[in-house]
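Working through the structure, step by step
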Amino acid sequence: MGNRLSKIYTRTGDDGTTGLSSGIRIEKDDKRIEAIGAIDELNSAIGLVISSSIPDELKLVLEKIQQELFNLGGELSMPDSEMINSDAIKYLESALDKLNDKLTALKNFVLPGGSRSAANCHIARAICRRAERRLLGLSRISRVNKNSLRYLNRLSDLLFVIARSINKYDGTREILWKQNQS
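Overview of the structure. (Residues numbered from 1 in each chain as written. Predicted model: local features only at pLDDT ≥ 70, side-chain atom pairs only at ≥ 80, totals over all residues. Heavy atoms only, no water.)

**What to know about helix 1 (residues 31–50)**
Heads up, the condition is: Numbering of helices and strands runs from the N terminus; a helix is a DSSP stretch of H or I covering at least four residues, while a strand is a stretch of E covering at least two. To estimate how far a helix should reach, multiply one less than its number of residues by 1.5 Å. Note on classification: 1.4 Å probe, protein chains only; a residue is buried when its accessible area is under 20% of the maximum for its type, exposed when over 50%, partly exposed between these limits.
Its 20 residues place the ends of helix 1 29 Å apart at the C-alpha level, agreeing with the 28 Å of an ideal helix rising 1.5 Å per residue. Along helix 1, the positions that sit buried rather than exposed are Arg32, Ile33, Ala35, Ala38, Ile39, Leu42, Asn43, Ala45, Ile46, Val49 and Ile50.

Rendered as structure tokens:
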């Protein structure tokens, strides 16, 4: 693979553009870069969750997700490439089912929070929703891998279930939303 990052600053972005892996330069506020940036934020937020005290089972799931998110960013950096496939979605669904089976059924909405690790996971979930919106916006003007949109949709669900799992692991009570409470 060689030395891909032998020099961290290049000065090529000083004019407000950035380069895609294809060599094309585009504006830094282009919808494609907005989507890539949201996915990068999501990956960083997941890294924060991994760095906390959570079960190894969850760390392994989240580390695999980080790899896939890096692939998704690469996919967007190389227009017309597809790196997220149905197997990646099936992995999320399998993890979702396995973790959700261990939780009590919800009868009300859960407020984001609980332990610090769970709260960080809820932040990652919210960033995931933003990344999904950015990718959807890009899909309206450019071809986007439909599996990537599905992946982010499933991932936000999984992050919700992981946050609940962390609270259960930590022995932290979930705070339920109470309608019309001020």
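**Observations regarding the packing of aromatic side chains**
So the rule is basically this: Ring pairs are drawn from Phe, Tyr and Trp, using the six-membered ring of Trp, whenever the two centres fall within 6.5 Å, and their geometry is named by plane angle: stacked under 30 degrees, edge-to-face over 60, tilted for the rest. Comment: the charge-over-ring label is applied if NZ (Lys) or CZ (Arg) is within 6 Å of the ring centre and within 35 degrees of the ring normal.
For the coordinates displayed, the defined rule picks out one aromatic pair. For the pair Phe109 and Trp177, a centre-to-centre distance of 5.8 Å together with 65° between the ring planes defines the contact as edge-to-face. In this pair, Phe109 sits in the loop between helix 3 (86–100) and helix 4 (116–139) while Trp177 sits in the segment after helix 5 (146–170), placing the two residues 68 residues apart along the sequence. Here the basic side chain of Lys64 rests over the ring of Tyr91, its NZ or CZ set 5.0 Å away from the ring centre.

**Here we look at the environment of Leu72**
Its place among the elements puts Leu72 in helix 2 (residues 56–77). What makes Leu72 buried here is its relative accessible area of 0%. Along the backbone, Leu72 and Met83 are 11 residues apart, and their C-alpha atoms lie at a distance of 6.5 Å.

**Topic: the pattern of salt bridges**
Under the convention used in this document: Each reported salt bridge corresponds to a side-chain nitrogen of Lys or Arg within 4 Å of a carboxyl oxygen of Asp or Glu.
Here the structure, examined in full by the defined rule, presents 10 salt bridges. Note that Arg134 and Glu34 form a salt bridge whose closest N and O atoms lie 4.0 Å from each other. Placement of Arg134 in helix 4 and of Glu34 in helix 1 is noted, with a sequence separation of 100 residues between them. On the basis of relative accessible area, Arg134 is assigned to the partly exposed category, the value being 32%. Residue Glu34 is classed as partly exposed on the basis of its relative accessible area of 37%. Here Arg164 makes a salt bridge to Glu174, at a shortest N to O gap of 2.8 Å. Of the two residues, Arg164 is situated in helix 5 and Glu174 in the segment after helix 5; the sequence distance between them amounts to 10 residues. Accessibility classification places Arg164 together with Glu174 in one group, the buried group. Salt bridges sharing partners connect three or more residues here, namely Glu57, Lys98 and Lys102.

**Some points on the packing of helix 4 against helix 5**
Cut-off, in case you're wondering: Angles shown run from 0 to 180 degrees and are taken between the N-to-C directions of axes, each axis being a line fitted to C-alpha atoms and, for helices, limited to the stretch in contact. What sets the label is the angle itself: under 35 degrees gives roughly parallel, over 145 gives roughly antiparallel, 65 to 115 gives roughly perpendicular, and the rest give oblique. Side-chain classes are defined by residue name, with Ala, Val, Leu, Ile, Met, Phe, Trp, Tyr, Cys and Pro counting as nonpolar, Asp, Glu, Lys and Arg as charged, and the others, Gly among them, as polar.
At a closest axis distance of 8 Å, the pairing of helix 4 and helix 5 adopts a crossing angle of 175°. Compared by their axis directions, helix 4 and helix 5 come out roughly antiparallel. Among the residues forming the contact of helix 4 with helix 5, the class breakdown is 15 nonpolar, seven polar and five charged.

**Focus on empty space enclosed by the protein**
Our working rule: The distinction between a cavity and a pocket rests on a 1 Å grid over the protein atoms alone: a 1.4 Å probe fits inside a cavity but cannot get out, while a pocket stays open yet meets protein on both sides within 12 Å along at least five of seven lines, and a residue with an atom within 4 Å of a point counts as lining. Grid points are joined across faces, edges and corners, and a volume is the space filled by probe spheres set on the points.
This structure, assessed with the given rule, holds one cavity of 30 Å³ or more. In this structure, the largest cavity occupies an estimated 70 Å³ of space. Considering the residues around the largest cavity, the lining is formed by Arg32, Glu75, Leu76, Met78, Pro79, Asp80, Ser81, Arg143, Val144 and Asn145. Counted by class, the lining of the largest cavity contains four nonpolar, two polar and four charged residues.

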